[in-house]
Amino acid sequence: KSRSNFLLFAILSSDDPAWDPVALGDFASRSVVPELQRLPGVGQAQLFGTERAMRIWIDPAKLLGFNLSASDVTGAIRAQNAQVSAGEIGALPNVAGQSIAATVVVNGQLSSVEQFGNIVLRAKSDGSTVRLKDVARIELGAQAYATSARLNGKPSTGIGVQLSPNGNALATANAVRAKMTELEKFFPKGMSWTIPYDSSKFVKISIQEVAKTLLEAVALVFLVMFLFLQNWRYTLIPTVVVPVALLGTFAGLLAMGFSINVLTMFGMVLVIGIVVDDAIVVVENVERIMSEEGLPPLEATRKAMGQISGAIIGITVVLIAVFVPLAFFAGSVGNIYRQFSAVMAV
């Protein structure tokens, strides 16, 4: 299974004129595509090129002149281009005392233009024959002519890599680049590869921007708390809540099988302002009891929590109740918001 969109495109090209698009496609199909398909995270590696194939271009006028049909041609090719097991001389059951056996090898499958050209379409009693080369042009060409690839106007062959449903875009793109670098050592002289399109770059940039916004949000929360609390100690305590909550969220995402992506990071950015609310309430109440009743921090904290524990639990439960229902939406909307709601709730 694979996703519908392409993760990246790898392009093969060569400075050697002998390596035309058909030769490049044949090489990619045999030596590159199977290697990429085995990489973790790759759902499919699609060749935008073609393999080599024996092409037989029938001349309808010549075919009519010999009173033959296209089905006669295909039937002759199918009958005379077959890989068969010819058997063995001296195989069981053999005569008593026979100790030598020999395998019979028959060259049944054709492999060259000349061999295909000599396929007999019709043989008469006078010894005359009509062969395939009499009614068709035969060449070793491309298996298909439906697709072609160019890089900067230069004939090339392309490989489109599609991500598996549970694949990591960044890790898979890095694995493809590493594999292409490894295979490059075995490329023919003059052949090179490049990746002109890689969607994982946009994923990486998006995550970097979200991480930047995350840091900005933490800084703004810190500044706002310091502005209102007017005390470094009381500001740092709620600020510690942010990394603790984020680490707990990462653990929750791992347990639920979710990944770090734009949606989950977006949820973290939004929730930063919310996770410090309870911490601010606790710190403010502890500070009030310490100043009004003169209690030391530990006793003041115990008394403060005894007063506001129910309220804090109520605040948390209400917030979770807002976001949890999003996780139960059906269809694609549910898949999108499930990660978002999980981040917010955890």
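Above this text you will find the structure in question.
Bear in mind that the values here come from a model prediction, so they are computed numbers and not experimental data. (Residues numbered from 1 in each chain as written. Predicted model: local features only at pLDDT ≥ 70, side-chain atom pairs only at ≥ 80, totals over all residues. Heavy atoms only, no water.)

Draft legend 1. Structural view of the nonpolar core. With 25 residues, the main nonpolar core has Leu12, Val32, Leu36, Val176, Met180 and Phe187 as its most contacted residues. Among the elements of the structure, strand S1 (6-14), helix H1 (21-37), strand S2 (42-48), strand S10 (154-163), helix H5 (169-183) and strand S11 (191-198) are those that each provide at least two residues to this core. When residues of this core are assigned to their parent elements, the largest contribution, 6 residues, is made by H1. Setting aside its immediate chain neighbours within four residues, Phe187 contacts Leu12, Phe27, Val32, Met180 and Trp193. (Core = buried A, V, L, I, M, F, W, Y, C linked by side-chain atoms within 4.5 Å. Buried < 20%, exposed > 50% of the residue type's maximum accessible area, 1.4 Å probe, protein only. Helix = DSSP H or I, 4+ residues; strand = E, 2+ residues; numbered from the N terminus. Contact = heavy atoms within 4.5 Å.)

Draft legend 2. Highlighting the side chain of Asp278. Secondary-structure assignment places Asp278 in helix H8 (residues 262-293). Buried charge without a partner: Asp278 forms no salt bridge, and the closest opposite charge is Arg288, 16 Å away. Residues contacting Asp278, with those up to four places away along its chain left out, are Ile312, Ile315 and Thr316. (Lys, Arg positive; Asp, Glu negative; His and termini not counted. Salt bridge = Lys/Arg side-chain N within 4 Å of Asp/Glu carboxyl O.)

Draft legend 3. Up close: the side chain of Thr235. With respect to the element layout, Thr235 can be found in helix H7 (residues 232-256). Setting aside residues up to four positions removed in sequence, Thr235 forms contacts with Phe222, Met225, Phe226 and Leu229.

Draft legend 4. Molecular detail of the pattern of salt bridges. All chains considered together, the criterion is met by 10 salt bridges. Across the pair Arg30 and Asp26 runs a salt bridge, and its minimum N-O distance is 2.9 Å. In this pair, Arg30 and Asp26 are both assigned in helix H1, 4 residues apart and thus about one turn of the helix distant. Overall, the relative accessible area of 7% leaves Asp26 in the buried class.

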